[in-house]
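# Secondary and tertiary structure notes
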Amino acid sequence: MHGTALITGASSGLGAEFAAQLAARGHDLILVARSEDKLSSVAERLSAEHGIRAHVLVQDLAEPDAAQRIAGRIAARGLRVDLLVNNAGFGTCGRFEDIARERDHDQLMVNVVALVDLTHTLLPGMLERGTGAVVNVASTAAFQPSPYFAVYSAAKGFVLNFGLALRQEYRGRGIRVLTLCPGPVDTPFFDVIGTRRAAVNGSMTTPEPVVRAALRALDRDRGYVAPGLGNALAAHLLPRRPRTLVAAVAERVTRAVLEPSGASPRLRGYAA
């Protein structure tokens, strides 16, 4: 499926990699993020390399009317969206009481509200045309509660369940819905969250194989994918354990993000 792909958080990391691989497949692009300079650089490079059209939309997804603004600008340019990649997101970590309420609010606006709003806004057009796809980027954190990442893991759990539910609703109606659940990926996410210890298993992959696995799974109409053998095993095994036990085990792992003194930094960030 070619056509036009809208990618949020497209200025770096997984978003920029989605843009590169989709451009190589012949998709035109609508790139959304907060940084105009970075978006323009990505757009110009991919247009030159692949002969596709790349449009830049600068938008902070934490704003309540972000999806409506994006939709208005798409309509004004006479564009349509055939593939929506809800990639933008950021995380906070540390003790819940030490994280600023405003940052967790913004985190939910970006990771959950904007994702749902954009899907609400763009899916009807796909249904009218009888074809389209949505890729929602969650995380392996979606499979269990994660102390010290409480809001982040809960939000990603929402994204996973939302995506799986939509997939069932739209099977047979021409719409594919995939949820991508990567483990730690070497992107600016960890720079903005404030610590590399947020990659609690100590290892990271790069964006290229993660996006490649996602697009392969989308081609096969998979419901979700957790790239990497360890991530795939965890995705299948963790939900089968008692939830309180999983939370207790997760706390032993995720406490590594706390400072050695036991105090917690006010870690917060915005990866787009």
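Cut-offs applied
- Residues numbered from 1 in each chain as written.
- Predicted model: local features only at pLDDT ≥ 70, side-chain atom pairs only at ≥ 80, totals over all residues.
- Heavy atoms only, no water.
- Axes fitted to C-alpha atoms, helices over the stretch in contact; angles between N-to-C directions.
- Helix = DSSP H or I, 4+ residues; strand = E, 2+ residues; numbered from the N terminus.
- Parallel < 35°, antiparallel > 145°, perpendicular 65-115°, else oblique.
- Left-handed = near helix turned anticlockwise from the far one by under 90°.
- Contact = heavy atoms within 4.5 Å.
- pLDDT = per-residue confidence, 0-100.
- Buried < 20%, exposed > 50% of the residue type's maximum accessible area, 1.4 Å probe, protein only.
- Polar contact = N/O pair within 3.5 Å; in protein donor to acceptor, adjacent residues only side chain to side chain.
- Pairing = 2+ DSSP bridges.

## Concerning the packing of helix H1 (residues 13-24) against helix H2 (residues 36-50)
Taken N-terminus to C-terminus, the directions of H1 and H2 make an angle of 20°; their axes are 10 Å apart at the nearest point. When the interaxial angle is binned, H1 and H2 end up roughly parallel. Seen along the crossing, H1 lies across H2 with a hand that is right-handed. Along its contact with H1, which presents Ala 19, Ala 20, Ala 23 and Ala 24, the element H2 presents Val 42, Leu 46 and His 50.

## Comments concerning the confidence of the model for the protein
When pLDDT is averaged along the protein, the result is 88; 85% of the residues meet or exceed 70. For residues 261-272, every residue scores under 50 in pLDDT, and the model assigns this stretch 42 contacts once sequence neighbours within four places are set aside.

## Observations regarding the environment of Ser 139
Inspection of the secondary structure puts Ser 139 in the loop between strand S6 (132-137) and helix H5 (150-170). According to the relative accessible area criterion, Ser 139 is buried, its value standing at 8%. When the C-alpha atoms of Ser 139 and Pro 182 are compared, they prove to be 4.9 Å apart, with 43 residues separating the residues in sequence. Look past the residues within four positions of Ser 139 in its chain and what remains in contact with it is Tyr 152, Lys 156, Leu 180, Cys 181 and Pro 182. A distance of 2.9 Å separates a polar atom in the side chain of Ser 139 from the backbone nitrogen of Ala 141.

## Some remarks on the pairing of S6
Here is the key point about a regular strand: its side chains alternate between the two faces of the sheet. Of all 6 residues in S6, 6 are buried, a share of seventy percent or more. Here S6 shows a buried face lined by Gly 132, Val 134 and Asn 136 and a second buried face lined by Ala 133, Val 135 and Val 137. Relative to S6, strand S4 (residues 83-86) runs parallel, the two sharing 4 bridges. Bridged to Asn 86 within S6 is Asn 136.

## Thoughts on unusual backbone geometry
Even without a glycine there, the phi angle at Tyr 148 is positive, about 75°. Turning to its location among the elements, Tyr 148 is positioned in the loop between S6 and H5. Residue classification places Tyr 148 among the buried residues on the basis of a relative accessible area of 15%. Even without being a glycine, Asp 221 presents a positive backbone phi close to 60°. Note on placement: Asp 221 falls in the loop between helix H7 (207-219) and strand S8 (224-225). A residue is classified by how much of its surface remains accessible, and Asp 221, at 28% relative accessible area, is partly exposed.

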